[in-house]
Amino acid sequence: MSVKSGFSKFNRKQRIEYLVNHSELSESDALGLNDFDAPNSDQQHVISEMIENHIGNFPLPMGVVSNMLINGHSFSVPFVTEESSVIAAASKASKFWAERGGFKAKIEGLTKKGQVHFTWNGNPSSIGSYFKELKSKINDATSDLASKMEQRGGGIKEIKLLDKTAELPNYYQLDVSFETANAMGANFINSCLEKMAEVLLADKELNNEKYQVEIIMSILSNYTPDCKVICWVECPIEKLQGWNNELTANEFALKFKQAVDIANLDISRAVTHNKGIFNGIDAVLMATGNDTRATAASGHAFASRSGQYRGLTAISLSDGLFKYQLELPIAIGTVGGITKIHPVVKTVMSVLNNPDAPRLMSIAAAAGLANNFAAVSSLITTGIQKGHMKMHLSNMLHEFKVTEAEKHQVIAHFANETISFKAVEEYIQLIRNSKS
Ligand code: MEV
């Protein structure tokens, strides 16, 4: 297979032409790649420059979950998601909890970590005793970078030397803790780490005819257990009445606890339980221009901190009180990255009343807890498909290219019928046959 070099030098038109010539993309479908361009050319320019090899914009819907009461403040929270029923589920849970005191959230630390992984072939005890001096050279070298971050309320918090030679020959880490104020801070952290690596390489004590440092890599860690949010809801058990009337409040609480216990002990269920949490978190992170993969990677690792992958939520039913809590690391920013340049992110931030990073962490966690609470509540009562398929019906109607009249007929018919792809297909066929 021939590999095309120089693709990155192509302009957008040339890239699309290339795809028409080298894939099954037709010329008419290729024209559709322009359909979702921003009407304002400055905005489109920003979007095109955000990534490499841009060929078009990829639209995803943004909706809003209103009534999210978090620490006594009411928020309208924009969600960007491709999955129908995520917003409906979060809205239902948010309304339910707004009537019962809302979500509470607290931040437990904002510390992030980075590592310089290196080898050194000298005696471990001598690098250990030299480290104090080395650390002051590292602090000097990074002072310019750090002082800018200090002005914003962050900085380098701690630098440790970890001797890992028992695990891998000659292997050490500089293990560095950072605070990055309202930025996610990846660029600050990585710049500091690379500067620290330069100090290690240039140091005369560590590099001579006998011993040398070799830098393996310098990179932030996306595992951020010290940048963590705890979000919870609580109410007297008898106040749980009202999610639906299939169960009494007490039965609901007990069954809910069983479902959470199962997510704690069974990996297959835990992954799905946590996926439901990320339905809400990712939707908020997408809308606010944050990195969904970093938060998901960290969250799933955190879910395994006991040595087994478990659900990220915990429940207690004591003294007649239902308390349901989500605890997870979320390292995100409200400045830096694309947060200030993306034309829609700016709007989203205004809708959220321009939160700082800790507040956005709380909002994202509340969104995750809302989605999870709604999912588990449905699962233990009506089942998930009833609500899910109702929301999915509109996707199916688009797929069958129904007319407006057919759409009304189908929706009316399925108000009280079980929705499935086959049932909808057959019913549309029936309508169309009856007309012909
Ligand atoms: C679907 O996107 C999410 C759920 O599967 C979550 C769960 O099972 O808890 C409904």
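Bear in mind that the values here come from a model prediction, so they are computed numbers and not experimental data.

Conventions we followed
Residues numbered from 1 in each chain as written. Predicted model: local features only at pLDDT ≥ 70, side-chain atom pairs only at ≥ 80, totals over all residues. Heavy atoms only, no water. Helix = DSSP H or I, 4+ residues; strand = E, 2+ residues; numbered from the N terminus. Buried < 20%, exposed > 50% of the residue type's maximum accessible area, 1.4 Å probe, protein only. Near = heavy atom within 4 Å. Polar contact = N/O pair within 3.5 Å; in protein donor to acceptor, adjacent residues only side chain to side chain. Areas by Shrake-Rupley, 256 points an atom, 1.4 Å probe, with all protein chains shown as cover. 1 Å grid on protein atoms, 1.4 Å probe; cavity = no way out; pocket = protein on both sides within 12 Å on 5 of 7 lines; lining within 4 Å. Sits in = over half its atoms within 2 Å of the grid points. Nonpolar A, V, L, I, M, F, W, Y, C, P; charged D, E, K, R; others polar. Phe/Tyr/Trp six-rings, centres within 6.5 Å; stacked < 30°, edge-to-face > 60°.

Asks: Can you tell me about unusual backbone geometry, naming the residues and giving the values?
Replies: Note: most peptide bonds trans; most residues except glycine with negative phi. With a phi angle near 85 degrees, Ser85 is a residue other than glycine that sits in the positive phi range. Counting through the fold element by element, Ser85 comes out in the loop between strand 2 (73-80) and helix 4 (86-98). Phi at Asn353 takes a positive value of approximately 60 degrees, unusual for a residue other than glycine. Tracing the backbone through its elements, the reader meets Asn353 in the loop between helix 10 (343-351) and helix 11 (357-379). Residue classification places Asn353 among the exposed positions, given a relative accessible area of 54%.

Asks: Tell me about the site of the ligand, and name the residues and values.
Replies: By nearness alone, every residue bordering the ligand is listed as Glu83, Arg269, Thr272, His273, Lys275, Gly276, Asn279, Ala375, Leu379 and Ile384. Between the ligand and the protein, one listed contact pairs an oxygen atom with a side-chain N or O atom of Lys275 at 2.6 Å. Within the side chain of Asn279, an N or O atom sits 2.9 Å from an oxygen atom of the ligand. Considered on its own, the ligand offers 300 Å² of accessible surface; in the complex 84% of this is hidden by protein. The cavity that encloses the ligand is the second largest pocket. Taken together, the elements giving at least two residues each to the shell around the ligand come down to helix 8 (267-287) and helix 11. Residue contributions to the shell around the ligand peak at six residues, all from helix 8. Among the residues forming the shell around the ligand, the class breakdown is three nonpolar, four polar and three charged.

Asks: Outline the packing of aromatic side chains, listing residues and values.
Replies: Taken as a whole and assessed by the stated rule, the structure comprises 21 aromatic pairs. Ring centres 5.4 Å apart and planes at 90 degrees place the aromatic pair Trp243 and Phe373 in the edge-to-face group. In this pair, Trp243 is assigned in the loop between strand 7 (227-236) and helix 7 (249-265) and Phe373 in helix 11, connecting sequence segments 130 residues apart. With a centroid separation of 5.5 Å and an interplanar angle of 80 degrees, the aromatic rings of Phe256 and Phe322 are classed as edge-to-face. Taken together, the positions of Phe256 in helix 7 and Phe322 in strand 9 (residues 321-329) put the pair 66 residues apart, joining distant regions of the chain. Relative accessible area serves as the criterion here: at 0%, Phe256 is assigned to the buried category. Accessibility expressed as a relative area gives 0% for Phe322, which makes it buried. Within the aromatic cluster, the residues linked to one another by ring pairs are Phe96, Trp97, Trp243, Phe252, Phe256, Phe322, Tyr324 and Phe373.

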